[in-house]
Amino acid sequence: MTTTELALAPSTGFSTTQVQGGYRASASVGAVPPIHQTAAYEFSNLAEAADLFALRKPGIIYSRNANPTQQILEERIACLEGGASAVAVASGQAAVAVTLLALAHRGGHIVAAHQLYGGTIDLLQETLDDFGIGVTFVDQDDLDAWRDAITPQTRVVFAETVANPIAQVLDIRAVADIAHEAGVPLVIDSTVGTPHLIRPGEHGADFVVHSATKFLSGHGSSLGGVVVDQGTFDFGADAARWPQFTGPYTRFGEMVLWEQFGQGHAFAALVKSKYVHDLGPSISPFNAWQILQGIETLDLRVARQSATALTVAEHLAGHPAVSAVHHPGLPGNPWHELAERYLPNGVPSVFSFDLAGTQDETAFTRVATVLDNLRVFRLVANIGDARSLVAHPASMTHGHLTADQRAAAGISLTTIRVSAGLEDPADLIADLDRALALL
Ligand SMILES: *Cc1c(COP(=O)(O)O)cnc(C)c1O
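All residue numbers here refer to positions counted from 1 along the written sequence of the relevant chain. Two thresholds apply to this predicted model, a pLDDT of at least 70 for residue-level local features and 80 or more for giving and counting side-chain atom pairs, whereas whole-chain, interface and lining totals are computed over all residues. With hydrogens and water set aside, each side-chain value is computed from the structure's full complement of heavy atoms.

Caption draft 1: Here's a closer look at the site of the ligand. Every residue close to the ligand is listed here: Ser91, Gly92, Gln93, Tyr117, Glu160, Asp189, Thr191, Ser211, Thr213, Lys214, Gly224 and Ile383. Here Asp189 contributes a side-chain N or O atom positioned 2.6 Å from a nitrogen atom of the ligand. Contact distances for the ligand include 2.7 Å between an oxygen atom and a side-chain N or O atom of Lys214. Taken by itself the ligand offers 380 Å² of open surface, and the protein chains cover 93% of this. Only heavy atoms are used to decide nearness, and a residue is near a molecule or strand if one of them lies within 4 Å of it. Side-chain atoms alone can form a polar contact between residues adjacent in sequence; in general such a contact is a pair of N or O atoms within 3.5 Å, and within protein one must be able to donate a hydrogen while the other accepts it. Methods summary: accessible areas were calculated by the Shrake-Rupley approach with a probe of 1.4 Å, and residue burial reflects only the protein chains presented.

Caption draft 2: Broad picture of the domain arrangement of the protein chain. Domain parsing of the protein chain yields domain 1 (17-295) and domain 2 (299-436). Placing the centre of domain 1 and that of domain 2 at their C-alpha centroids yields a distance of 29 Å. Contacts: residue pairs with any heavy atoms within 4.5 Å of one another. Across the contact, 32 residues belong to domain 1 and 37 residues belong to domain 2. Once two parts are joined, some of their accessible surface, as seen by a 1.4 Å probe, is lost; buried area is that loss totalled over both. Summed over both partners, the interface of domain 1 with domain 2 comes to about 3,000 Å²; 61% of that surface belongs to carbon and sulfur atoms. Salt bridges are defined by distance alone: a side-chain nitrogen of Lys or Arg within 4 Å of a carboxyl oxygen of Asp or Glu. Arg341 is paired through a salt bridge with Asp171; the nearest N and O atoms lie 3.5 Å apart. Applying the counting criterion to the domain 1 and domain 2 interface returns 14 residue pairs in polar contact (both at pLDDT 80 or more). Counting residues per element, the ones that place at least two in the side of domain 1 that touches domain 2 are helix H7 (172-181), helix H8 (194-197) and helix H12 (285-295). Note that the domain bounds were set by an automatic or database domain assignment. Only DSSP runs of H or I reaching four residues or more are called helices, and only runs of E reaching two or more are called strands; each is numbered from the N terminus.

Caption draft 3: Quick look at the pairing of strand S2 (residues 109-113). For S2, the buried fraction is high: five of the five residues fall into the buried class. Buried means the residue's accessible area, taken with a 1.4 Å probe over protein chains only, is under 20% of the maximum for its type, while exposed means over 50%, and partly exposed covers the values in between. A two-sided burial pattern is seen for S2, the buried positions comprising His109, Val111 and Ala113 on one face and Ile110 and Ala112 on the other. We call two strands paired when DSSP finds no fewer than two bridges between them. Looking at chain direction, S2 and strand S3 (residues 134-138) are connected through five bridges and run parallel. Pairing of Ala112 across the sheet is with Phe137, part of S3.

Caption draft 4: Looking closely at a negative patch on the surface. Like-charged residues are merged into a patch within 9 Å and nonpolar side chains (Val, Leu, Ile, Met, Phe, Trp, Tyr) within 5 Å, provided each residue has over 30% relative accessible area and no salt bridge. Asp and Glu count as negative and Lys and Arg as positive, but His and the ends of the chain are not part of the count. Where a charge lies is defined by one atom per residue type: Lys uses NZ, Arg uses CZ, Asp uses CG and Glu uses CD. On the surface, a cluster of negative charge is contributed by Asp139, Asp141, Asp142 and Asp148. Mapped onto the secondary structure, Asp141 falls in the loop between S3 and helix H6 (143-149).

Caption draft 5: A look at the sheet that holds strand S4 (residues 154-160). The strand order S1-S7-S6-S5-S4-S2-S3 describes an open sheet built from seven strands, whose pairing is mixed. A single partner strand is all that each edge strand has here, and the edge strands are strand S1 (85-89) and S3. Pairwise comparison of adjacent strand axes, ignoring direction, gives a mean angle of 20 degrees for this sheet. As defined by bridge partners, S2 adjoins S4 across four bridges and the pair is classed as parallel. Residue pairing across strands places Ala112 opposite Phe158, the latter belonging to S4. Lines fitted to C-alpha atoms define the axes here, with helix axes fitted over just the stretch in contact, and angles between the N-to-C directions of these axes take values from 0 to 180 degrees. Against the sheet, helix H3 (residues 68-81) touches S1, strand S6 (207-211) and strand S7 (225-229), its axis set at about 130 degrees to S1. Relative to S3, helix H5 (residues 118-130) is tilted by about 145 degrees, and along the sheet it contacts S2, S3 and S4.

Caption draft 6: Spotlight on the side chain of Asn164. Note on placement: Asn164 falls in the loop between S4 and H7. When its relative accessible area of 9% is taken as the criterion, Asn164 is described as buried. Engagement of the side chain of Asn164 in a polar contact is seen with the side chain of Arg417, the distance being 2.9 Å. The contacts of Asn164, once residues within four sequence positions are left out, are Gln115, Val192, Val350, Ile383, His398 and Arg417.

Caption draft 7: Representation of the packing of aromatic side chains within the structure. Stacked, tilted and edge-to-face pairs are distinguished by plane angle, under 30 degrees for stacked and over 60 for edge-to-face with tilted covering the rest, among Phe, Tyr and Trp rings (Trp via its six-membered ring) whose centres lie within 6.5 Å. Summed over the entire model, instances satisfying the criterion amount to 10 aromatic pairs. Ring geometry for Phe207 versus Phe267: centroids 4.5 Å apart, planes at 50 degrees, classification tilted. One end of the pair, Phe207, is in strand S6; the other, Phe267, is in helix H11 (residues 266-279), with 60 residues separating them in the sequence. Grouping residues by exposure puts Phe207 and Phe267 together as buried. Relative to Trp242, the ring of Phe233 lies with its centre 5.6 Å away and its plane at 75 degrees, an arrangement referred to as edge-to-face. The buried category is assigned to Trp242, whose relative accessible area is 1%. Among the aromatic side chains, those forming a connected cluster through ring pairs are Phe207, Phe233, Phe235, Trp242, Phe245, Trp258 and Phe267.

What follows is the structure in structure tokens.
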């Protein structure tokens, strides 16, 4: 289970926490968190083994459920988000899946933004649907639509802090209020936001998920995912609605997770002892360690990438070959005011722009002319890497959407997504200018 003892005072600053959170060095384990490359753990005697198996005692049995390197990562991210506990898993996709399974339980319903990451849309409308968990998608800017979509079966309200590729900023507080009026927790995917730019828990989110593959890892080298329980949602307030927490947890006899682990910890206990245990999306100790290394420079990287992205976006906004730039840091962008309210430390470095010209069969060729001639930007289906990346949503990430769905998402045939990396901004601008000049 998650460690409850904090390595640092809860008031410790962000930079200190990202370097030291979750780890107490000692002579035997070294100054840097070690990779605990082991599948299982030896018990001191049979009585201890029996206590651990029955969840009577906290500890680790087997690395499918938990590993010490993973636990350092969990505690560090929980501290960075200001949360109570966290669970790290093999990918962002797995983090979203185990979170939604644990909360929606049997027959639950989810209200989600239609601007969500494509993999999450697939999970919701196909895989979770196969299991009888329903979903209603709404336009995240339409507060009445959120309110109207909630039913007595709704157990989750789900959105991203900043969506991509169009970079719509969510009014988190308004959506949190709607969810809470209905007695439902708000789950926020803050992969693009990162805890350096925004901590959704401060604006009403009850659970925060990340694809750690992106900015937390920061180097495009390892997959990982994490869900943080902010400790704010009281499953005991309407116990009949949440039997997975407040009723007997039958695999452990009469145990009730809400009584045994309490607010802020019962969710992690359920996710680890049931969903990760049964389905097996465990993070490898090596990946957990790489993500820990990445987090140590999170604020430096994200601040630099945000500044670079804004510089590049401002340049593109004045370029004759570009018809629109979707970056909420730019005045006049529809989400500019929300960005000023929620993102005072900077706007995320993932944004997009549209090539000028007709939206017809020549669009793909024109986009290809630009993307195939970039030398610094890399054509990669990822974000949050140290390298600057580009992608073409209409033929890549959003290629399976219908034309209407694509239009509703604000994506045209010439929309190009950018994830700004750590290179010199002047090189990035020169690279784009050279490629755009070929049109
Ligand atoms: C990448 C991504 C995911 C999925 O994460 P993986 O680590 O690729 O499984 C989920 N949400 C968002 C916003 C993402 O960008």
